[in-house]
Structure formats: structure tokens, C-alpha cells
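# A look at the structure
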Amino acid sequence: MPITSPETYWWKPADKEEKIWISVAIVWCLILFTMMPLWHFVGGQNPSVEPMKIRPDDFDKVTGAFIEKYKIGEESGIPVVKPPDGADVYLKGQMWNWIPILELKKGVNYKFHISSVDLMHGFSLQPMNMNFQIVPGHDNILNLTPTASGTYHIICNEFCGVGHHTMVGKIVVKD
Ligand code: CUA
């Protein structure tokens, strides 16, 4: 049996059902596209960070100096730091810890600097569900005012090796 070409039907106009589905898909694409910037403003989460470059060893140094200056204690080997009102706050992601533990005051604005000194980590503040990708070499600068007291945990949500699941940090907000 000789090979025959299939019927050439693809140049025929699309029928009604096909047109409806294409329209639905286009409208849905536009909704999703609009939601991305819209959610930035109305979503009440993931505020914009001001990204700056910093060498990981420099970030390590400034974090070390910050800890030394405002350290008030230690918990399981991790320093607990209580910065003064309005201070620049440094938080370092390092396999597999968030350093230091922070003690903040409710209603006070802090300028956060969050970075990594080894590889990519994921900053995820719980239960607020505020998420940032933390990459070495990039200082994520974030103006943050805690509005409720309590204990918040920072989990790492980017796989960063064998201890990834143990990478949990803490922020305590007091009245
Ligand atoms: Cu750090 Cu996963």
C-alpha cells in the first residue's frame, strides 16, 4: 500500500469550540499576568527588597561585628542579639543555621540585611509566609516593622544539603 499524505485540514478555519477554548486560555493568561504585579501591591506579603551586592566574607564580617555589639545571650550555640530601635539588623544564612537569633520590639522599624555566606538558602518567615531567595553576594535589604509580638521561625525553603531540614532560625518580638 503506497504512503499517502493525510488530509490537509489544519488550514481550515478553527471551529467554534476551538475558538472558545483559545479565548478562555488567552483571558486566563492575561489574568495571571495582571495578578503578578497586582499581588505585589495587594497581597500583603513579600515586600520589595532593595538588592545590593556584597562579598560573602564582607557580609560575614559585618554580621560578626553586629553580633558582638548587641549580643545578649546564646541559645544552643547560636547568639541571641537585641539590636537597638531602628538599627540595621544582619541575618546570615549559613549551612545550616540562621545566625543570629533576633530579639526585636513590636512597632519599631528595622532595616534588615539578609544574605548567605556559602550557597543559596531560602528565607521563609513562619507563620507569616514571607519568602525570599537568599543568594551569596546579594544583600537583601528590607525595611521591616514587627506588628505583633510572639516567636517567629525562619525555615530554609531552598534545598541546601544534608542539613537543610534542620535549618531553622528564630525571631522573637516583644511588646
Ligand atoms: Cu538552607 Cu536549605
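For the structure itself, consult the block above.
Residues numbered from 1 in each chain as written. Predicted model: local features only at pLDDT ≥ 70, side-chain atom pairs only at ≥ 80, totals over all residues. Heavy atoms only, no water.

### Quick look at the overall build of the chain
- Each helix and strand counted, the chain has two helices and 12 strands in total.
- Taken from the N to the C terminus, the helices and strands of the chain come in the order α-β-α-β-β-β-β-β-β-β-β-β-β-β.
- A compact globule built from 175 residues would reach a C-alpha radius of gyration of about 16 Å, whereas the chain, at 24 Å, exceeds it by more than 25%.
- Principal-axis analysis of the C-alpha atoms places the extent of the chain at approximately 85 × 40 × 25 Å.
- When the 175 residues of the chain are sorted by exposure, 34% land in the buried category.
- Within the chain, counting contacts between residues at least 6 apart in sequence, those at least 24 apart form 57% of the total.
- Carbon and sulfur atoms provide 62% of the accessible area of the chain, an area that totals close to 11200 Å².
- With 15 positive and 18 negative side-chain charges, the chain shows a spacing of 4 Å between the two charge centroids. (Helix = DSSP H or I, 4+ residues; strand = E, 2+ residues; numbered from the N terminus. Rg over C-alpha atoms; globule rule 2.2 N^0.38 Å. Buried < 20%, exposed > 50% of the residue type's maximum accessible area, 1.4 Å probe, protein only. Contact = heavy atoms within 4.5 Å. Areas by Shrake-Rupley, 256 points an atom, 1.4 Å probe, with all protein chains shown as cover. Lys, Arg positive; Asp, Glu negative; His and termini not counted. Charge placed at Lys NZ, Arg CZ, Asp CG, Glu CD.)

### A short note on the nonpolar core
- In terms of nonpolar packing, the biggest core is built from 34 residues, with Trp 98, Leu 102, Phe 112, Ile 114, Phe 123 and Ile 171 touching the most fellow members.
- In this structure, Phe 112 is in contact with Val 89, Leu 102, Leu 104, Asn 140, Ile 141, Leu 142, Leu 144 and Ile 171, ignoring residues within four places of it in sequence. (Core = buried A, V, L, I, M, F, W, Y, C linked by side-chain atoms within 4.5 Å.)

### Examining the side chain of Ser 116
- Mapped onto the fold, Ser 116 is located in strand β7 (residues 110-116).
- With relative accessibility at 0%, the residue Ser 116 sits in the buried group.
- Polar contacts involving the side chain of Ser 116 include one to the main-chain amide nitrogen of Asp 118, which spans 3.2 Å.
- In terms of polar contacts, Ser 116 uses its side chain to reach the backbone carbonyl oxygen of Leu 119, at 2.5 Å.
- If we skip the residues at most four places from it in the chain, Ser 116 touches Pro 56, Gly 93, His 121, Ile 134, Val 135, Pro 136 and Gly 137. (Polar contact = N/O pair within 3.5 Å; in protein donor to acceptor, adjacent residues only side chain to side chain.)

### Describing the packing of aromatic side chains
- Counted according to the given criterion, the structure contains five aromatic pairs.
- When the ring of Phe 66 is compared with that of Tyr 70, the centres are 5.7 Å apart and the planes differ by 70 degrees; the resulting orientation is edge-to-face. Of this pair, Phe 66 and Tyr 70 both sit in helix α2 (residues 56-70), separated by four residues, roughly a single helical turn.
- Overall, Phe 66 belongs to the buried group, its relative accessible area being 4%.
- Here Phe 123 and Phe 132 contribute two aromatic rings whose centre-to-centre distance is 5.9 Å and whose plane-to-plane angle is 40 degrees, an arrangement assigned as tilted. Side by side, Phe 123 and Phe 132 carry an identical accessibility label, which is buried.
- Each member of the aromatic cluster is reached from another via a ring pair, and the members are Phe 59, Phe 66, Tyr 70 and Tyr 90. (Phe/Tyr/Trp six-rings, centres within 6.5 Å; stacked < 30°, edge-to-face > 60°.)

These figures come from the coordinates and say nothing about function on their own.
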